[in-house]
Amino acid sequence: MPSARTIDAILSDLRLPTRTFPLSFTEAFPTDTRGIRVGLPTSNPQRLPDVTAIILNWSRLDNVIRIASLLCGPWLDDTIAEVYVWNNSPKKLSKEIFSSAHCDTRKLKIENSPENLYFYARFLACTKASTPYCFIQDDDYIILPELIKALRVRVEEYSQGGIYLLPPHEHLSSRLRTTVTSNGIHTSFAWLGYGAMINRQRALSFVSLLQDDSLGMTEEQIKMADNYFAILSNEVPEIWFDQGIELGGGQPFTIGHEGNERNRLHIGNACRYLDEIVADPCYAAASSDTQIASLGFVKRGDHVSDPAHYHVNRAAAIGTPYLLESNIKLLPDDSTPNCLAAIDLLRNEERRARLIGQDAILHYQQHPLSCAVDGNAGTAFRSPYDVKQGDYILIDTLSMFEFNDSIVELVFFVAASNEQILRSSKYQCSSDGERWLLSPYQSLSRRTTVVAQSTWDGADDSELLEYSVRMAGHHARFFKATAGEDVSVPWAIYEVWVRSVSQFV
């Protein structure tokens, strides 16, 4: 097999920017300073890959080959065991067609479907996988390896159903569609095509549910399985702001008004099915531990997560694999209204959108949390409201980091107006996310020469500063800053990361 290309070469062809970011945006750290941005190690030869990556092919074969070249690369050898291309097109595919992707033939699997199964094929492919997890994405999107690694760590530790990457407008839609009823419904909607990591057992029970005669789903509904998966899970999905790297090309499946109406029809169908299932006495009597039986896919009311978690937001970083989490309020009304039935889901979204207004919607979409971990000094996450005591910014480096002889700092690159916020905040680190060690060190504030390119409502970000606090202890995975008081300015975070350096120069 020809030697694989480097990831930088692949990303360069896609006209994507560098993913190597500086230790500092100041001159305090010369280029030869020994240090790193802390996150999950880029590779772990001791770890056996346990994810099957699934791509559907229809009209964008060139894109599928490009995506396969990323998924097959050695940078994911410790994560992805198999790249499974399900070909819905009548034109047969072979491994030879993928020669430019430099995939190990043992890692690449191609299935030429006798018919176009549409999105149901994703789940069918997952049921055929030999791994416990499946990564799913569309063929018009690039999901960087570091995001896939972050999804893999998180899905095992914190989520039974799945985790979904979503662009800001879809992230907002999912939040507004969150629906909770008194009879045990707690659900929302999320697309899988922007990138999702799911448990194979969930795919097995979902396919079983779709084929259950008592449900009576039509062939068309089964093929549109994407519209049903998150809703019928009956759990509010864990959604992350994505990094929005589109490939485009080919013929999109959803086009204009007709495509949107088709999606709304199937989302409404999913809600009706969920209402029927929850009202079924057999569902109430079903064992919550049943994974393969069809009703086992629909989570029971006793599996409801803490409602406070519905409003915690996350974004995975570009470059170094780590996860940013925050409880900072992004919408004027963060409460989840009680509804009568799942069928209220779409009306719930429309009603809440009218209540929060167009300005709040635009802000949500233009200044997402992902801007604080995109490696771009010209973009910023901006909160729409002033800082409240208890607001927190948390970085999960996704694995334990040993400090050894290094100085480890939580670092913010922010508008100068945020200095007061950070000076009154407390800084902690933790190995398990439960027991926290308070930093006793003084903070450092350094001016930079970086010129801000991102402004909002006349905000003066002409001066940016780098603010850092050394962390205490000998090892940690979680690093957290919590606002100690209300401050009459909004958050404006251009970048946030954990830095480890062997010495200051």
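In what follows, the structure referred to is the one given above.
How each quantity is defined
- Residues numbered from 1 in each chain as written.
- Predicted model: local features only at pLDDT ≥ 70, side-chain atom pairs only at ≥ 80, totals over all residues.
- Heavy atoms only, no water.
- Salt bridge = Lys/Arg side-chain N within 4 Å of Asp/Glu carboxyl O.
- Helix = DSSP H or I, 4+ residues; strand = E, 2+ residues; numbered from the N terminus.
- Pairing = 2+ DSSP bridges.
- Core = buried A, V, L, I, M, F, W, Y, C linked by side-chain atoms within 4.5 Å.
- Buried < 20%, exposed > 50% of the residue type's maximum accessible area, 1.4 Å probe, protein only.
- Axes fitted to C-alpha atoms, helices over the stretch in contact; angles between N-to-C directions.
- Parallel < 35°, antiparallel > 145°, perpendicular 65-115°, else oblique.
- Left-handed = near helix turned anticlockwise from the far one by under 90°.
- Contact = heavy atoms within 4.5 Å.
- Polar contact = N/O pair within 3.5 Å; in protein donor to acceptor, adjacent residues only side chain to side chain.

Engineer: Go over the pattern of salt bridges, please, and point to the residues and values.
Structural biologist: If you walk through the whole model with that rule in mind, you get 27 salt bridges. For lysine 128, the salt bridge goes to glutamate 111, with nearest N and O atoms at 2.9 Å. Pair noted here: lysine 128 is in the loop between helix H3 (120–127) and strand S5 (133–137) and glutamate 111 is in strand S4 (residues 108–112), with a separation of 17 residues, a long-range link. With a shortest N-O distance of 3.1 Å, arginine 447 and glutamate 463 are connected by a salt bridge. Of this pair, arginine 447 sits in strand S21 (residues 443–447) while glutamate 463 sits in the loop between S21 and strand S22 (464–470), and the two are 16 residues apart along the sequence. The structure contains a network of salt bridges with shared partners spanning Arg154, Glu238, Arg314 and Glu325.

Engineer: Give a description of the sheet that holds strand S8 (residues 179–181) that names residues and reports values.
Structural biologist: Note on sheets: strands pair through backbone hydrogen bonds, and any given pair is parallel or antiparallel. The strand order across the open sheet built from three strands is S9-S8-S15, with neighbouring strands paired in mixed fashion. Since the sheet does not close on itself, it has two edges, and those belong to strand S9 (186–187) and strand S15 (338–339), each with one partner. The pairing of S8 with S9 spans two bridges and is antiparallel. In the sheet register, valine 180 faces S9, and the bridge partner there is histidine 186.

Engineer: Please give an account of the nonpolar core that cites residues and values.
Structural biologist: Ranked by size, the top nonpolar core spans 101 residues in total, and within it Leu71, Phe98, Phe135, Tyr164, Ile198, Phe206 and Leu232 carry the most contacts. For this core, the element with the highest residue contribution is helix H9 (residues 256–279), accounting for seven residues. Listed in part, the 56 residues of the second largest apolar core include Ile395, Phe401, Leu422 and Tyr494.

Engineer: For the packing of H3 against helix H6 (residues 200–210), give the residues involved together with the corresponding values.
Structural biologist: Packing of H3 against H6 brings their axes to within 8 Å, and their N-to-C directions diverge by 125°. Taken together, H3 and H6 sit at an angle that is classed as oblique. As for the relative orientation of H3 and H6, their crossing is left-handed in sense. When H3 is examined against H6, the residues Tyr120, Phe123, Leu124, Cys126 and Thr127 are found in contact with a partner set consisting of Arg200, Ala203, Leu204, Phe206, Val207 and Leu210.

Engineer: Give me the side chain of serine 69: which residues, what numbers.
Structural biologist: Take serine 69: it is sitting in helix H2 (residues 61–71). Only 2.5 Å separates the side chain of serine 69 from the backbone oxygen of arginine 66, close enough to count as a polar contact. Ignoring anything within four residues of it in the chain, the contact list for serine 69 reads Ile10, Trp75 and Ala101.

Engineer: So what about unusual backbone geometry? Which residues, and what values?
Structural biologist: Located in the positive-phi region is asparagine 234, a residue other than glycine, with phi close to 55°. When you line up the elements, asparagine 234 lands in the loop between helix H8 (226–233) and strand S11 (238–241). Although it is not a glycine, asparagine 404 sits at a positive phi angle of roughly 50°.

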